[in-house]
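Geometric and topological summary
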Amino acid sequence: MTKAKKIAALVGGSSDEVEAAFYESLQNADLERLMACWADEDEVVCVHPGGPRMIGLGAIRSAFEAMFNNGSIRVRPEGVRKIEALGSAVHSVRERIEILTPDGPMDAVVIATNVYHKTAQGWRLVAHHAGPGSAREPHDITENAPVLH
């Protein structure tokens, strides 16, 4: 299997820029650009809502290639929360995905965690884990709930 060429636009930069490129590649069904967002590591991992854990670039590429056979993915990231350190960043993202139903287009909500590491090639995605959200997604809980003893 050939490895995705790391495009110049992703070298260096920030985890935010790689995340923007990841979502743009989904919207444009651009498999090569999407794969350029991933780190060149054996243990990269991806989980789609309700799907199995895919480990390695080959498995991840095959999954996205199959998805793109049906066209682009109309996804809008929103509500991003970040934890950043010197060499890693974790982004919690609410994804709004347009799906076609018999009643017309509707939005589905997915909650995703994207993990980035800073590599010799710049920031790269090492994990994307997505699970189903709710169309009536509650507001983020940002305060500690009282603890009952």
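Residues numbered from 1 in each chain as written. Predicted model: local features only at pLDDT ≥ 70, side-chain atom pairs only at ≥ 80, totals over all residues. Heavy atoms only, no water.

1. Focus: the nonpolar core
With 33 residues, the main nonpolar core has Phe 22, Leu 26, Leu 34, Trp 38, Ile 60 and Phe 64 as its most contacted residues. Each residue touching Ile 60, except ones within four places of it in the same chain, is listed here: Met 35, Trp 38, Val 44, Val 45, Cys 46 and Met 54. (Core = buried A, V, L, I, M, F, W, Y, C linked by side-chain atoms within 4.5 Å. Buried < 20%, exposed > 50% of the residue type's maximum accessible area, 1.4 Å probe, protein only. Contact = heavy atoms within 4.5 Å.)

2. Examining the packing of aromatic side chains
Counting across every chain of the model gives three aromatic pairs. Relative to Tyr 23, the ring of Phe 22 has its centre 5.2 Å away and its plane inclined at 80°; by these criteria the two rings are edge-to-face. Each member of the pair, Phe 22 as well as Tyr 23, carries the same accessibility label: buried. Here the aromatic rings of Phe 64 and Phe 68 are separated by 6.3 Å at their centres, their planes lie at 45°, and the arrangement is tilted. Of this pair, Phe 64 and Phe 68 both sit in helix H3 (residues 57-68), four residues apart, which is roughly one turn of the helix. Judged by relative accessible area, which is 11%, Phe 68 ranks as buried. An aromatic cluster is defined as three or more aromatic residues linked by ring pairs; in this entry it consists of Phe 22, Tyr 23, Phe 64 and Phe 68. (Phe/Tyr/Trp six-rings, centres within 6.5 Å; stacked < 30°, edge-to-face > 60°. Helix = DSSP H or I, 4+ residues; strand = E, 2+ residues; numbered from the N terminus.)

3. Some words on unusual backbone geometry
Phi is positive for Ala 29, close to 50°, though the residue is something other than glycine. On the secondary structure map, Ala 29 appears in the loop between helix H1 (15-27) and helix H2 (31-36). Residue class for Ala 29 comes out partly exposed when judged on its relative accessible area of 29%.

4. With respect to the sheet that holds strand E1 (residues 45-47)
Within the open sheet, the six strands sit side by side as E2-E1-E6-E5-E4-E3. Their pairing is mixed. If you trace the sheet from one side to the other, it starts and ends with strand E2 (53-55) and strand E3 (75-84), each paired once. Direction aside, neighbouring strands of the sheet carry axes that sit 25° apart on average. Where E1 lies against strand E6 (residues 122-132), three bridges are found, and the strand directions are parallel. Looking at E6, one finds that Val 47 is bridged to His 129. Here H3 sits on the sheet in contact with E1 and E2, set at roughly 125° to E2. (Pairing = 2+ DSSP bridges. Axes fitted to C-alpha atoms, helices over the stretch in contact; angles between N-to-C directions.)

5. Re the environment of Ala 20
Here Ala 20 lies in helix H1. For the pair Ala 20 and Pro 77, spaced 57 residues apart in sequence, the C-alpha separation works out to 8.9 Å.

6. Some thoughts on the environment of Lys 118
Tracing the chain through its elements places Lys 118 in strand E5 (residues 104-119). Given a relative accessible area of 53%, Lys 118 falls into the exposed group. For the pair Lys 118 and Ser 88, spaced 30 residues apart in the sequence, the C-alpha separation amounts to 6.1 Å.

7. Notes on the confidence of the model for the chain
Residue-level pLDDT values for the chain average 88, and 83% of them are 70 or greater. Low pLDDT, under 50, characterises residues 1-6; the predicted model gives this stretch 14 contacts beyond four residues in sequence or across chains. (pLDDT = per-residue confidence, 0-100.)

8. So, H3
Taking 1.5 Å of rise per residue, the twelve residues of H3 would be expected to cover 16 Å, and the 16 Å separating its terminal C-alpha atoms lies within 8% of that figure. Within H3 the residues assigned to the buried category are Leu 57, Ile 60, Arg 61, Ala 63, Phe 64 and Phe 68. Along the axis of H3, the buried residues cluster in a sector spanning 165°; they form a single face. On the buried face of H3, the contacting elements are H1, H2, E1 and E2. (Expected span 1.5 Å × (residues − 1). Arc of directions from axis to C-beta.)

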